[in-house]
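Residue-level structural notes
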Amino acid sequence: MTVLALEFRAVRETADFGFLATEFPLNRLDPIGRHVAGPLTVRRQAAELAAGKPGTVLAYCSCAALGAHIAELSGADLVLIDADAVTPEAVRRDVTAVCASLGAPPADDVEIAFAAVRDELAAVHGADDQAFEMVDELFGRYRAWLRFLAAAAAAEPAAPAGEVTVIAGKRLPALENLLADPDRARVRRFTPEQGTLESPEVREFLRNHLLGRGFRASVEIPVAEGKGACASDK
């Protein structure tokens, strides 16, 4: 029995579950990479990950919708940390943020922004084949992130059968957008001075929670690489 930990490790080390890795059978996954090849619904990605039959799902920030659907399909317990109920408005804000970060004019379609700045960005790095490959890889990461957000925004509320715990170190989201029965969730509020997953109190709570589920020290399963960020951090 494993713990499936959905995180954005490629963004910053303080937004992941690495502190649990030496104590529990942790399968750490950055879900963004699965969206590089093309659009993917939350339900389809959840079905793929639920096949591994995790005992508990930990989901950070914008991974909340995916984590909830995995828990529903697998019967796992669910722990949401700083859950972000992604909305279409949040997706549009991130599109605008991507355009700004690239120095491109605001556009409803990010592909327009990519086309507008591709040559300019490649020129900064020599305008050779390698430079264009590097720029296209950057665009691919942005594209995958926006696909992931769009999938989360389109997902229906999930109905996990197992225990649902919500750790709120930031504002509490509208849980009805994530859970079909939000009243089943046990909400634990913390006031960390730093990032929620950096908080000693939150870390101790998670350790005790997993120990209470019968998990014991094991070897970490390597993280799946990807790139993402919490929509509310943009």
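Fair warning: this is a prediction, and the values are worked out from it, not measured in the lab.

**Digging into the packing of aromatic side chains**
Summed over the entire model, instances satisfying the criterion amount to five aromatic pairs. Between Phe8 and Phe148 the ring centres are 6.0 Å apart and the planes differ by 85 degrees, which places this aromatic pair in the edge-to-face class. Note that Phe8 is positioned in the loop between β1 (3-6) and β2 (26-29) and Phe148 in helix α5 (residues 129-154), a separation of 140 residues in sequence. For Phe148, a relative accessible area of 3% corresponds to the buried category. Members of the aromatic cluster, joined through ring pairs, are Phe8, Trp145 and Phe148.

**A word on the confidence of the model for the protein**
Chain-level statistics for the protein give a pLDDT mean of 88 and a share of 90% at 70 or above. Note that pLDDT drops below 50 for residues 225-229; the model gives that stretch 20 contacts with residues more than four away or on any other chain.

**Side note on the pattern of salt bridges**
Enumeration over the complete set of coordinates arrives at 13 salt bridges. Taking the shortest distance from any N to any O, the salt bridge between Glu137 and Arg141 comes out at 3.4 Å. Residue Glu137 and its partner Arg141 are located together in helix α5, separated by four residues, close to a single helical turn. Here Arg213 and Glu163 are joined by a salt bridge, their closest N and O atoms 2.6 Å apart. Linking Arg213 in the loop between α6 (200-212) and β7 (221-224) with Glu163 in the loop between α5 and β5 (164-168), this pair joins segments that are 50 residues apart in sequence. By sharing partners, the salt bridges in this structure join Asp77, Glu163, Arg186 and Arg213 into a single network.

**Examining the pairing of β1**
Strand residues, when the strand is regular, have side chains that alternate between the two faces of the sheet. Neither face of β1 is left uncovered, since the one carrying Val3 and Ala5 and the one carrying Leu4 and Leu6 both have all their residues buried. Of the pairings in the sheet, the one linking β1 to β2 comprises four bridges and is parallel in character. Each residue of the ladder has a partner; that of Leu6, found in β2, is Leu29. As paired elements, β1 and strand β3 (residues 56-60) share four bridges and run parallel to each other. From the neighbouring strand, Leu6 faces β3, where its bridge partner is Ala59.

**Some thoughts on the nonpolar core**
Of all hydrophobic cores here, the largest spans 78 residues; its most connected members are Leu6, Phe17, Leu20, Leu58, Leu178 and Leu206. A per-element tally of this core places α5 first, with twelve residues. Look past the residues within four positions of Phe17 in its chain and what remains in contact with it is Ala5, Leu6, Glu7, Leu26, Arg28, Leu58, Ala59, Tyr60, Ile81, Leu197 and Leu206.

**Details of unusual backbone geometry**
Despite not being glycine, Lys53 shows a phi value in the positive range, around 50 degrees. Mapped onto the secondary structure, Lys53 falls in the loop between α1 (42-50) and β3. Of note, Ala127 is a non-glycine position whose phi angle comes to about 55 degrees, a positive value. Mapped onto the elements of the fold, Ala127 is located in the loop between α4 (110-124) and α5.

Reading guide: rules and limits
Residues numbered from 1 in each chain as written. Predicted model: local features only at pLDDT ≥ 70, side-chain atom pairs only at ≥ 80, totals over all residues. Heavy atoms only, no water. Phe/Tyr/Trp six-rings, centres within 6.5 Å; stacked < 30°, edge-to-face > 60°. Helix = DSSP H or I, 4+ residues; strand = E, 2+ residues; numbered from the N terminus. Buried < 20%, exposed > 50% of the residue type's maximum accessible area, 1.4 Å probe, protein only. pLDDT = per-residue confidence, 0-100. Contact = heavy atoms within 4.5 Å. Salt bridge = Lys/Arg side-chain N within 4 Å of Asp/Glu carboxyl O. Pairing = 2+ DSSP bridges. Core = buried A, V, L, I, M, F, W, Y, C linked by side-chain atoms within 4.5 Å.

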